[in-house]
Structure formats: C-alpha cells, structure tokens
Amino acid sequence: MANKVIKPHGSDALNPLYVADDAERAELLKEAGSLSSIVVCSQAAANAVMLGSGYFNPLKGYMGLEESLTVAGKMQTAEGLFWPVPIVNVVKNASSAKGAKRIALRDPNVDGNPVIAIQNVQAIEDATEDQMKFIAEKVYGTLDEKHPGVDAWMSAGRTFISGPIQVLSYSYFTTDFPETFRTAPQIRETIKKNGWKKVVAFQTRNPMHRAHEELVKMAMKAEGADGAVIHMLLGKLKKGDIPADARDAAIRKMVELYFEPNTAEVTGYGFDMLYAGPREALLHAIFRQNMGATTLITGRDHAGVGGYYGPFDAQTIFDKIPKDALKIGIYRGDHTVWCNKCQAIVMIRDCPHSNEDYLMLSGTKVREMLSNGEPLPTEFARPEVGKILTEYLGNSQ
C-alpha cells in the first residue's frame, strides 16, 4: 500500500507557484524584459520563494491591504482560510506599476537584481500609518522598533501591490545551498521514499547542540515517529546569528554521527526570519504540514527574540485557534539541558533537580568561547560540531 502523506493546508494537493517547465519559464523571462519592474524588499522576495516552493499553499500570490488587515486581526484570509501572517509585496514607491496589468518583480538579494517573479496587478493600495501599526501589533505583539521584525515591517514601505504571481527563480537559495534547499514537494517525495508515516519537523535558525539533538529524539519517541526533518532557515537573520553555511555543516555532521541511518533528513527553506514568536509558530506549522510533517516541535520561546514573548506563548497560541484550523500536531518542548545529577540531557519539566545542577550557556557565552578557540563542554555540544563552529568563527574574524 502506498505511503500516504498528510494533506496540505487548505487543499487536496500542493500548488507550488514556481514555473517548472523550462520553455514556459524562458518565455516568461523574455516577457519580463518588456514589463515595468520593481526591486522588491527582501521579505517580499522571500515570500515569492515560499510561494514558489509550495510552502505557502494554497495562496496564489500577494495579499491586498484589506485581506492583510483581516489576516492580522482574525487570522483568516478573504476566503475564510486560517492564516496567521499577511503575505505581501509592500513597496515604498509603486509609480512604475501604476496602470500596469503585469509587472516584473526583481530580486534585491542577487547581483544585478534578476527577475524573481511576474505579478498580475490586482490592486495598488496605500496603507495609513495606523493600519501599518495595527498589523505590526497583531503579528509581532509590539510596536517597539528595536524588535527586528517590527523594524523590517515599518521600514519596507506602505504601498501594497496585490495579485497572483508566477515564480521564475528560487533566488540565491539553489546556488548557495544546493545540497540543503528543498521545496515542499521535494520533501514530500523524500518522506514517501523513506517510507515514513509519522514525521516530526524541527525548526532551527541556530546550530544544533546536544540539547537540540535530544529534543528531536524525545519528540520522535513521544510521537512514535519514523523520521525527523531538520528544517533550517536559510534566509536573512539578525546581526550576530550564525550564518546558514556554518549551521548547515555543523548540523549535517551531528546527524551523520549521532542519528540512526534513515531517521533524519537535513533540509532548508528560503525565508527571512520574522521573529514573530507565536504568530510565526503558526506559520511554521502551516508550511511544515505542506511539506508533509505530522508534528512540529515547538520549543521554549519558539521563533522569539529578546524578551518580547513568554517562554511558552508559541505553544499556548495553538490552544486558541479553531480545532480544525490545522491537521499537523505540535510537540511541546521545554528547555532541555545537561543535568549534572542525572548525568544526562533532560527536559527541565521532567527533572526533579534545580538550576544549580544544570549546565546552561547563553548564546553570547557560546559565541565568545568559540571566538576564543575554547572547546565547548562535551555535555553541551558534540566535539565535532564545536570544531566546525570554532573554525568558522576563527575564519570570519
């Protein structure tokens, strides 16, 4: 009997917006040369990649202002589909698109700004400052412009260009990360090929240390999962985060040495981190369902930044949405640490010991040790992982 993979969000089959036919794509690129064009912001380009990859199924393109306000306020699209974050093309100046039925969207993240997509222009609308703030407050839970997501949102512009798109490029992700970048259909095929029925997904924008490794294994055991997809963000991060190439190498080494064969796949997706905490966790669940996972590991302060969210806000938000909003489940993780008394990695909620028994290193402390060439404690990190990260930080200084 064929292995059945979980249904995508909002449809029976995935509808990735990337134009896969070479001849059709070449014709569209030729057409793009005659169209008015706009260099979009990095987030709009990342949205195009996610739409093209099938992760944002069943959306057909960018939302307009009214739909964005509804998604921010009610977490519903115009058709009533559950959706937690507006997917938009917001620009500072849309003068080149005025009066056009179709426009070429150019990639801000690749030299020469090649065309990433063609958009049918349904509407061009200017938002008020209050409307931009309403969306920011609902999505990010704050208007503090020190929050990297709020800063990116409020500085992108106020003009919404809505309409369906045809995606012609995966930006820099296929060239910079050929072994790691995968679309939702590709991951579904891998899940089928591996014969996995229950699949946990682990979101990461950081290198994985022993606590992360153990969290994935705990989730797999609790869910009775056949496999795990370690799904790393490959797009833009905030200053100070470890770049994707170093993370990729470190995570691959960890999986190679410390996971059983055919139980974990290392993949990545092309998106810029929003740092939207609970709302981003919901978005993560949607696109992990679209790629075929049955459970999303939702850890402590998932997709958070600074002290903007409570440690478990990204878990409890799943209790506040309609029961039929998603098919994917979540595994609720707590802080996982090395306990000196247990002599093992433990989840704090399951351990009878106290903070003084735990080995806790902040991200800043880890980076400082690696920068100084100091080995990380073996209770905290696999030595092979620490070596890769030390070499990266040594070369980057």
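Just above sits the structure.
## Brief notes about the nonpolar core
Membership of the largest hydrophobic core comes to 125 residues, with the highest contact counts inside it found for Phe56 and Trp83. In terms of residue count, helix H2 (residues 42-52) provides more of this core than any other element does, seven residues in total. The contacts of Phe56, once residues within four sequence positions are left out, are Asn47, Met50, Leu51, Trp83, Ile87, Phe271, Leu283, Phe287 and Asn290.

## Thoughts on helix H3 (residues 65-74)
If you check which residues of H3 are buried, you get Leu65, Glu67, Ser68, Leu69, Val71 and Ala72. Elements that come into contact with the buried residues of H3 comprise strand S6 (123-126), helix H4 (129-140), strand S7 (159-167) and helix H10 (277-290). One or two residues past the end of H3 sits Met75, with phi positive at roughly 60°.

## What about the side chain of Asn47?
When you line up the elements, Asn47 lands in helix H2. For Asn47, the residues in contact, after removing those within four places along its chain, are Phe56, Tyr62, Ile87, Val88 and Phe271.

## Side note on the environment of Phe202
Positionally, Phe202 belongs in strand S8 (residues 199-204). With 58 residues separating them in the primary sequence, Phe202 and Asp144 have C-alpha atoms 29 Å apart. If we skip the residues at most four places from it in the chain, Phe202 touches Met208, His212, Leu215, Val216, Val229, Ile230, His231 and Ile297.

## Digging into the pairing of S7
Within a regular strand, the side chains alternate between the two sheet faces. Within S7, seven of the nine residues are buried, which leaves it mostly tucked inside the rest of the structure. As defined by bridge partners, strand S2 (residues 61-62) adjoins S7 across two bridges and the pair is classed as antiparallel. From the neighbouring strand, Tyr62 faces S7, where its bridge partner is Gly163. Looking at chain direction, strand S3 (residues 90-91) and S7 are connected through two bridges and run antiparallel. Looking at the pairing, Val90 lines up with Phe160 of S7. Across three bridges, the pairing between strand S5 (residues 115-120) and S7 is antiparallel. Looking across to S7, one finds that Ile118 is bridged to Gln166. In terms of strand pairing, S6 meets S7 through four bridges, oriented antiparallel. For Asp126, the partnering residue across the bridge sits in S7 and is Thr159.

## With respect to the packing of H4 against helix H5 (residues 148-155)
Contact pair H4 / H5: the axes reach a minimum separation of 10 Å and the direction vectors enclose 155°. Compared by their axis directions, H4 and H5 come out roughly antiparallel. Judged by the twist between their axes, the crossing of H4 over H5 is right-handed. Across the interface between the two elements, Met132, Lys133, Ile135, Ala136 and Tyr140 from H4 touch Gly149, Val150, Trp153 and Met154 from H5.

Calculation criteria
Residues numbered from 1 in each chain as written. Predicted model: local features only at pLDDT ≥ 70, side-chain atom pairs only at ≥ 80, totals over all residues. Heavy atoms only, no water. Core = buried A, V, L, I, M, F, W, Y, C linked by side-chain atoms within 4.5 Å. Buried < 20%, exposed > 50% of the residue type's maximum accessible area, 1.4 Å probe, protein only. Helix = DSSP H or I, 4+ residues; strand = E, 2+ residues; numbered from the N terminus. Contact = heavy atoms within 4.5 Å. Pairing = 2+ DSSP bridges. Axes fitted to C-alpha atoms, helices over the stretch in contact; angles between N-to-C directions. Parallel < 35°, antiparallel > 145°, perpendicular 65-115°, else oblique. Left-handed = near helix turned anticlockwise from the far one by under 90°.

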